[in-house]
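Summary of structural features
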Amino acid sequence: MNHSTIPAAVLAAALMVALGAQAGVTPEEAARLKTELTPLGAERAGNKDGSIPAWTGGYTTAMPGFKNGGRRGDPFAGDKPLYSINAANMAQHAEKLTDGTQALLKKYPSFRVDVYKTLRTAAAPQWVYDNTFKNATTARLDGEVLRDAFGGIPFPIPKNAKEVIANHEMHWRGEAWQTDFRGYLGTANGQSVLSVEATGDFQMPYYAQGKEAKYNGEYWMIRMLNSGPPVRAGEALVGRQNVDQDKTASWVYLTGQRRVRKLPNACCDTPTPASSGVASFDEVDVLSGRTDRHDWTIVGKREMLIPYNSNRMHTPEKDSELLMANHFNPDHVRWELHRVWVLEATLKPGQRHQATRSRYYVDEDTWVAVLADRWDAKGQLWKTVWSHPVVMPDLPATTPQQQWGFNDLISGAWYASGVVNERKQHYRIVPSRADSHFTAEAMAAEGVR
């Protein structure tokens, strides 16, 4: 065959298929981001009965007296619940509750869902909107690897589940920040055990404004130094997440060994050190890391009750006021009705993972994976995983502050990360750090008891 007679567009399309690449949308489709869709790709209009309002720009007004890094108050503290859901009336609201939320209502009489007025607070800087518009037509997935995207949501008009996952991984949460936080393991008999007390430096080179030419695919970095509990004081961790997961790497510093070790398999259902081994790496922030062990599908978009605008979780001055025996204190948790993308993950033949099936709920406004349910090899509903987005008008953004965790519905244990109530420094915006800050060598120099 004389290839010179084949149109260039046909050759390009064939090449993309051969390489497994999935291209962005057409310019005509992308134009919807300036009309019926928000700049990040959500439906701009409200729903039919008005219980979900139209998006009008998000929430960008900082609270009076707020200082960078300080306790972020609740701008909606005066709101009262529209209604509450417990085990007795759960059936009336079942279609808007995840399986995991329903299981918690059945298992714990003290658990309830207080539903508040829906507030579409999601917002981002204009330059993030501009980059999202550009990404819409250029971003592509080369197998599992994100290409030709930077500084915004990669696929604001997603065509498949993998694109929705990429949006969650790259959701806007700032470029560089530092936070002090605690993590607690809740035991089946109702005790809260401190598993980690740390200062974390976080950075997203993917959102390094004006530095697209230097971006090498490393999109998220962490350097964490433990100050407690005493048995773990001085331990440290560095992680560098890459769009090519084969290049993702993490290192830990262990005080007892006084040396840095590279984690051999920091992905999937491998236990995370910070959670005392009860949470897996792919449960951090509800959903993270490799996706190639499962087959993924979009179930659809649904209206669901999810934790949202959870600033009231930061208002108690004591951790004990927030933590109950088996879950967060419902008095301090805000639930709202939002549209979410629902994704299903099913374990591929020949692959191994403790969760053979999972279902994820990704908020359309922020692309944050807010809830997930996981089933074990016996087909039992095993875990319900969650995060609690807070509104941060100073960024602006609506995103969890490392505030994620899960409930084990079989054992009764649970885990809560990102508890900041007794910490002096919450999310503090900081200047971008040098790449060398997020290295094993730098961690080794600092991580000593």
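These notes cover the structure that comes with them. (Residues numbered from 1 in each chain as written. Predicted model: local features only at pLDDT ≥ 70, side-chain atom pairs only at ≥ 80, totals over all residues. Heavy atoms only, no water.)

Once that is clear, we can look at the overall build of the chain. When helices and strands are counted, the chain shows seven helices and 21 strands. Taking 449 residues into account, the globule formula puts the C-alpha radius of gyration at 22 Å, and the chain, at 22 Å, falls close to it. The principal-axis extents of the C-alpha atoms in the chain amount to approximately 75 × 60 × 50 Å. The buried share of the chain, reckoned over its 449 residues, is 58%. Counting contacts in the chain only where the partners sit at least 6 residues apart, residues at least 24 apart contribute 65% of the total. As displayed, the chain offers around 18600 Å² of accessible surface, 53% of which is attributable to carbon and sulfur atoms. Measuring between centres, the 51 positive side-chain charges of the chain sit 3 Å from its 49 negative side-chain charges. (Helix = DSSP H or I, 4+ residues; strand = E, 2+ residues; numbered from the N terminus. Rg over C-alpha atoms; globule rule 2.2 N^0.38 Å. Buried < 20%, exposed > 50% of the residue type's maximum accessible area, 1.4 Å probe, protein only. Contact = heavy atoms within 4.5 Å. Areas by Shrake-Rupley, 256 points an atom, 1.4 Å probe, with all protein chains shown as cover. Lys, Arg positive; Asp, Glu negative; His and termini not counted. Charge placed at Lys NZ, Arg CZ, Asp CG, Glu CD.)

Another aspect to go through is the packing of aromatic side chains. Evaluation of the coordinates by the stated rule reveals 17 aromatic pairs. Relative to Y215, the ring of F150 has its centre 5.5 Å away and its plane inclined at 55 degrees; by these criteria the two rings are tilted. Of this pair, F150 sits in the loop between β5 (145–147) and α5 (161–169) while Y215 sits in the loop between β7 (192–203) and β8 (218–228); the two residues are 65 residues apart in sequence, bridging distant segments of the chain. Like F150, the residue Y215 is buried in the burial classification. (Phe/Tyr/Trp six-rings, centres within 6.5 Å; stacked < 30°, edge-to-face > 60°.)

Bringing empty space enclosed by the protein into the picture now. By the definition in use, this model includes eight cavities of 30 Å³ or more. The volume enclosed by the largest cavity comes to roughly 540 Å³. As for the largest cavity, its lining consists of 34 residues, and the residues nearest its centre are W220, I222, L237, F281 and V284. Mapped onto the lining of the largest cavity, the elements with two or more residues apiece are α5, β7, β8, β9 (236–242) and β20 (414–419). (1 Å grid on protein atoms, 1.4 Å probe; cavity = no way out; pocket = protein on both sides within 12 Å on 5 of 7 lines; lining within 4 Å. Points joined across faces, edges and corners; volume = space filled by probe spheres on them.)

Looking now at the environment of V231. Mapped onto the elements, V231 comes out in the loop between β8 and β9. C-alpha of V231 to C-alpha of Y360: the two residues are 129 residues apart in sequence and 35 Å apart in space.

Attention now moves to the nonpolar core. Counting 63 residues, the largest nonpolar core has L146, W172, Y207, Y219, W296, L343 and Y360 as its most contacted members. Discounting residues that sit within four places of it in the chain, W172 has contacts with A123, A124, P125, W127, V128, I153, Y207, L395, P396, A397 and T399. One finds L323, V368, L409 and W414 within the second-largest nonpolar core, a separate group that totals 35 residues. (Core = buried A, V, L, I, M, F, W, Y, C linked by side-chain atoms within 4.5 Å.)

The buried fraction of strand β13 (residues 335–347) amounts to twelve of the 13 residues, a majority that puts the element mostly inside the structure. Bridge analysis of strand β12 (residues 294–307) against β13 gives 13 bridges, and the strand direction is antiparallel. Counterpart to E303 in the pairing with β13 is R339. The sheet contact formed by β13 and strand β14 (residues 357–363) spans seven bridges and is antiparallel. Along β14, the bridge assignment pairs L343 with Y360. (Pairing = 2+ DSSP bridges.)

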